[in-house]
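Coordinates in review
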Amino acid sequence: IVRELSEKRKVPPYLYFFADPNNVQGVWLTALSVKGKRLDLEGNCKTLEEMYQFIDKLDKNLGTVTFRGAELKTFEEEKLNIRVDYYNFQLGVELKNGAVN
């Protein structure tokens, strides 16, 4: 019974990529969807370098990345006098065999 339940709850292999903190360092995802072998991602990061590193890791480990866009945004909290600039980005990934290499 345990084996049967375990097999029914299999985690898609590409999700293990996102569970590794080294792969998503400096990036926080806000949306992830999959359709067939295509992942669509939306996320944020504080620097363009973090975004480029994330795209490079996606390309090397999951598949071909399609960059859709990035926008500089600002988070402000007046009561605490906080202002933080960050980049919001959208990507697509065509998975290689649906697995992490």
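Quick note: structure is the one above.
The following paragraphs examine the structure supplied in this document. What you see is a predicted model, and the numbers here were worked out from it, not measured in a lab.

1. Things to note about the pattern of salt bridges
Tallied over the entire structure, the rule returns five salt bridges. Between R38 and E94 there is a salt bridge whose closest N-O contact spans 3.6 Å. Of this pair, R38 sits in strand β2 (residues 38–45) while E94 is found in strand β4 (residues 82–95), placing the two residues 56 residues apart along the sequence. The exposure class assigned to E94 is partly exposed, which follows from its relative accessible area of 39%. Across the pair D40 and R68 runs a salt bridge, and its minimum N-O distance is 2.8 Å. In this pair, D40 sits in strand β2 while R68 sits in strand β3 (residues 63–77), placing the two residues 28 residues apart along the sequence.

2. Some words on the nonpolar core
Most often, soluble globular proteins keep nonpolar side chains buried together rather than apart. In terms of nonpolar packing, the biggest core is built from 18 residues, with F18, F54, L58, L62, L91 and V93 touching the most fellow members. Within the residue set of this core, elements represented by two or more residues are α2 (15–19), β2, α3 (48–61) and β4.

3. Side note on the side chain of N23
Considering the arrangement of structural elements, one finds N23 in the loop between α2 and β1 (27–35). Separated by 3.0 Å, the side chain of N23 and the backbone oxygen of F17 make a polar contact. What N23 contacts, discounting residues up to four positions off in sequence, is F17, F54 and K57.

4. Let's talk about the pairing of β2
Two strands pair when backbone bridges link them, and β1 and β2 are joined in this way by eight bridges, in the antiparallel orientation. Each bridged residue has a counterpart across the sheet, and for S33 the counterpart in β2 is D40. Taking the residues between adjacent antiparallel strands as the criterion, β1 and β2 are bridged by two residues, where G36 takes a positive phi near 65 degrees. Looking at chain direction, β2 and β4 are connected through eight bridges and run antiparallel. Across the sheet, the residue bridging to C45 is Y87, located in β4.

Conventions used here
- Residues numbered from 1 in each chain as written.
- Predicted model: local features only at pLDDT ≥ 70, side-chain atom pairs only at ≥ 80, totals over all residues.
- Heavy atoms only, no water.
- Salt bridge = Lys/Arg side-chain N within 4 Å of Asp/Glu carboxyl O.
- Helix = DSSP H or I, 4+ residues; strand = E, 2+ residues; numbered from the N terminus.
- Buried < 20%, exposed > 50% of the residue type's maximum accessible area, 1.4 Å probe, protein only.
- Core = buried A, V, L, I, M, F, W, Y, C linked by side-chain atoms within 4.5 Å.
- Polar contact = N/O pair within 3.5 Å; in protein donor to acceptor, adjacent residues only side chain to side chain.
- Contact = heavy atoms within 4.5 Å.
- Pairing = 2+ DSSP bridges.

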